[in-house]
Amino acid sequence: FELRDLVPAVVARAIRCNEDDVTALTAFVSNVRQMTGGGFGPEPEELSSDVLGFHIAFSEMMPSPMITRAQLAKMYEGAVFAKDDPSLYDAYEAWPKYARDEHVGRYPSTATPMLLLNGTLDPQTPQELGEEVASHYRGPSQSFVLLPRAAHGTLYQSPVSTRPGDDACGMIVWKQFLGGPTSALDTGCTARILPHDFSDAQP
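A brief look at the structure comes next. Computed from a predicted structure; not experimentally measured.

**Some details on the pairing of strand β2 (residues 142-147)**
- In this sheet, β2 lies alongside strand β1 (residues 114-119) in parallel orientation, the contact comprising six bridges. Each bridged residue has a counterpart across the sheet, and for asparagine 118 the counterpart in β2 is leucine 146.
- Where the polypeptide runs from β1 across helix α6 (residues 127-134) and back to β2, its parallel neighbour, the crossover connection is right-handed.

**Digging into the nonpolar core**
- Formed by Phe1, Leu115, Val145, Leu147, Ala150, Val160, Cys169, Val173, Phe177, Cys189 and Ile193, the largest nonpolar core amounts to 11 residues.
- Breaking this core down by element, the ones donating at least two residues are β2 and α7 (169-179).
- For this core, the element with the highest residue contribution is α7, accounting for three residues.
- Excluding residues within four positions of it along the chain, alanine 150 makes contact with Phe1, Gly119, Thr120, Leu121, Asp122, Gln157 and Ser158.

**So, the pattern of salt bridges**
- According to the stated counting rule, one finds five salt bridges in the structure shown.
- Measuring nitrogen to oxygen at the nearest pair gives 2.6 Å for the salt bridge that ties aspartate 21 to arginine 13.
- Among the salt bridges present, the one from lysine 175 reaches aspartate 167, with a minimum N-O distance of 2.8 Å.
- For lysine 175, a relative accessible area of 45% translates into the label partly exposed.
- In this structure, a network of salt bridges that share partners links the residues Arg13, Arg16 and Asp21.

**Details of the side chain of aspartate 21**
- With respect to the helices and strands, the residue aspartate 21 is situated in helix α2 (residues 19-35).
- A relative accessible area of 1% means that aspartate 21 is categorised as buried.
- Here cysteine 17 takes part through its backbone nitrogen, which lies 3.2 Å from a polar atom of the side chain of aspartate 21.
- In contact with aspartate 21, other than residues within four places in its own chain, are Arg13 and Arg16.

**Thoughts on a nonpolar patch on the surface**
- On the surface, a nonpolar cluster with roughly 380 Å² of combined accessible area is contributed by Leu52, Ile56, Met61 and Tyr98.
- Tracing the backbone shows tyrosine 98 in the loop between α5 (88-94) and β1.

**Overview of the packing of aromatic side chains**
- Inspection of every chain in the model, using the stated rule, returns six aromatic pairs.
- Between phenylalanine 58 and tryptophan 95, the ring centres sit 5.3 Å apart and the planes meet at 70 degrees, which makes this aromatic pair edge-to-face. You can see phenylalanine 58 sitting in helix α3 (residues 50-61) and its partner tryptophan 95 sitting in the loop between α5 and β1, a full 37 residues away along the chain.
- Seen from their ring centres, tyrosine 107 and tyrosine 137 are 6.3 Å apart, and the 75 degrees between their planes marks the pair as edge-to-face. Taken together, the residues span a long stretch of sequence, with tyrosine 107 in the loop between α5 and β1 and tyrosine 137 in the loop between α6 and β2 at a distance of 30 residues.
- In this structure tyrosine 137 comes out as buried when scored by relative accessible area, which is 7%.
- Site record: aromatic cluster; members linked through ring pairs are Phe54, Phe58, Tyr89, Tyr92 and Trp95.

**Focus: the state of the cysteines**
- Taken as a whole, this structure holds one disulfide when the rule is applied.
- A disulfide bridge connects cysteine 169 with cysteine 189, and the sulfur atoms are separated by 2.1 Å. Since a negative S-S torsion denotes a left-handed disulfide, the cysteine 169-cysteine 189 link at about 70 degrees is right-handed. Placement of the pair is cysteine 169 in helix α7 and cysteine 189 in the segment after α7, with a sequence separation of 20 residues. Cysteine 189 carries the same exposure label as cysteine 169, and that label is buried.

Rules behind the numbers
Residues numbered from 1 in each chain as written. Predicted model: local features only at pLDDT ≥ 70, side-chain atom pairs only at ≥ 80, totals over all residues. Heavy atoms only, no water. Pairing = 2+ DSSP bridges. Helix = DSSP H or I, 4+ residues; strand = E, 2+ residues; numbered from the N terminus. Right-handed = clockwise from strand over helix to strand, strands pointing away. Core = buried A, V, L, I, M, F, W, Y, C linked by side-chain atoms within 4.5 Å. Buried < 20%, exposed > 50% of the residue type's maximum accessible area, 1.4 Å probe, protein only. Contact = heavy atoms within 4.5 Å. Salt bridge = Lys/Arg side-chain N within 4 Å of Asp/Glu carboxyl O. Polar contact = N/O pair within 3.5 Å; in protein donor to acceptor, adjacent residues only side chain to side chain. Patch = residues over 30% accessible without salt bridge, like charges linked within 9 Å, V, L, I, M, F, W, Y side chains within 5 Å. Areas by Shrake-Rupley, 256 points an atom, 1.4 Å probe, with all protein chains shown as cover. Phe/Tyr/Trp six-rings, centres within 6.5 Å; stacked < 30°, edge-to-face > 60°. Disulfide = S-S within 2.5 Å.

The following block contains the structure:
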């Protein structure tokens, strides 16, 4: 969440891209890597598996029929940010995928109490994806809470205070749910999620 304030400055430097910008962006990436222990994700390296992730994604999460390599390249041409590149298509083609079964692409039916949280500024799991999932779970004690300005990882990336140790809004709502899964939720903290402050993020 706190790094969001730097987006305008980072984008401005990337677009201008003079010698000073290259130096600044290189230092920025180095500092972020140090802050996150060498990676950009919160999970420890031993709990992350690219092989397993690709195996599941290639086997059951790709569109069927798969788009062509040329279509994928065209999508990347128009992308502002992209993690991978069209060469990933070659890996998909060669990957030993498992067969899809009747459960792929279907939502299970359940009366179990559920809490779904989604941030409005989450580029990894965008709001529209959360709304799609939530539309299938509207039973008693099944709640979808949208957190304004929250980033990915809403339990921590939805701060209502700058004081160390204070719970973020997502954590506040989650703790309520755990304490009483069938009780009504107080989601008033969503109106108190901190705005982004761009005053010090100058290019």
